[in-house]
Amino acid sequence: MRKPKPNLVLVAAIDAFVAMDKRLIGADEPPTWREGREQGLNEWIIKLPLEVAGEQRGQSLMVQAYPNSPSLKFRIAILFEPSICRLDFELACIHPNAHAEETEGLKAIVKGPHLHAWDDNKRFFYSATLAPKLHNAYEIPTNIRSFDSALRWFCTEYRIELPGSHRIELPTRTTLF
């Protein structure tokens, strides 16, 4: 069976977007969190627009928070419709890289917080209408153990200007345990 080939037009557009400097809109105001789809898990979401060359083109930074999780748990992603990269922060997480190829240099198993990087997953972008899975990931640096440090690191990795005095904070726990 032949492997499907990536949509080269879509991949080129996302490559160009990733390479550009971006500015996060609304980071200087406290975010308005809304309930996510995983309500049983107490999931909360914010989406903040990204500006490129003075224009908002529909891309955004999304943060998913799970404030009632037993330990710190959140996700940070860039939405290009679909999501093109994602940081998963969960200390006890174990993620297999079942679709990694030997030439990619990724570990077979990733433990703890990790990044599903654009460069490691763009070969799965076959269609502009079908959301791909971000199969491959690598562990983020071990000194990143807070939401703020993860957000700053992620924004640096993807050329997103984040004000030093940003006001993005995770929602607070609503249960005792």
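How each quantity is defined
Residues numbered from 1 in each chain as written. Predicted model: local features only at pLDDT ≥ 70, side-chain atom pairs only at ≥ 80, totals over all residues. Heavy atoms only, no water. Pairing = 2+ DSSP bridges. Helix = DSSP H or I, 4+ residues; strand = E, 2+ residues; numbered from the N terminus. Buried < 20%, exposed > 50% of the residue type's maximum accessible area, 1.4 Å probe, protein only. Contact = heavy atoms within 4.5 Å. Phe/Tyr/Trp six-rings, centres within 6.5 Å; stacked < 30°, edge-to-face > 60°.

Asker: Explain the pairing of strand β4 (residues 55-65) to me, using residue names and the numbers behind them.
Answerer: Pairing of strand β3 (residues 44-52) with β4 involves 8 bridges; the strand directions are antiparallel. Its bridge partner lying in β4, Trp44 is registered against Ala65. If you look at the hairpin formed by β3 and β4, you'll find 2 residues sitting between the two strands, and Ala53 has a positive phi there, around 50°.

Asker: I'd like a description of the environment of Cys155, backed by residues and values.
Answerer: With respect to the helices and strands, the residue Cys155 is situated in helix α3 (residues 147-157). What makes Cys155 buried here is its relative accessible area of 2%. Residues Cys155 and Ala108, spaced 47 residues apart in sequence, show a C-alpha to C-alpha distance of 26 Å. Apart from residues lying up to four places away in sequence, Cys155 is in contact with Ile160 and Leu162.

Asker: Summarise the packing of aromatic side chains; cite the residues concerned and give the values.
Answerer: Two aromatic rings, taken as a pair, are described by how far apart their centres are and by the angle between their planes. Taken as a whole and assessed by the stated rule, the structure comprises 5 aromatic pairs. With 4.7 Å between their ring centres and 10° between their planes, Phe74 and Phe89 make a pair best called stacked. In this pair, Phe74 sits in strand β5 (residues 73-79) while Phe89 sits in strand β6 (residues 83-90), placing the two residues 15 residues apart along the sequence. Given a relative accessible area of 1%, Phe74 falls into the buried group. Residues Phe74 and Phe147 carry aromatic rings whose centres are separated by 5.1 Å and whose planes lie at 85° to one another, so their mutual orientation is edge-to-face.

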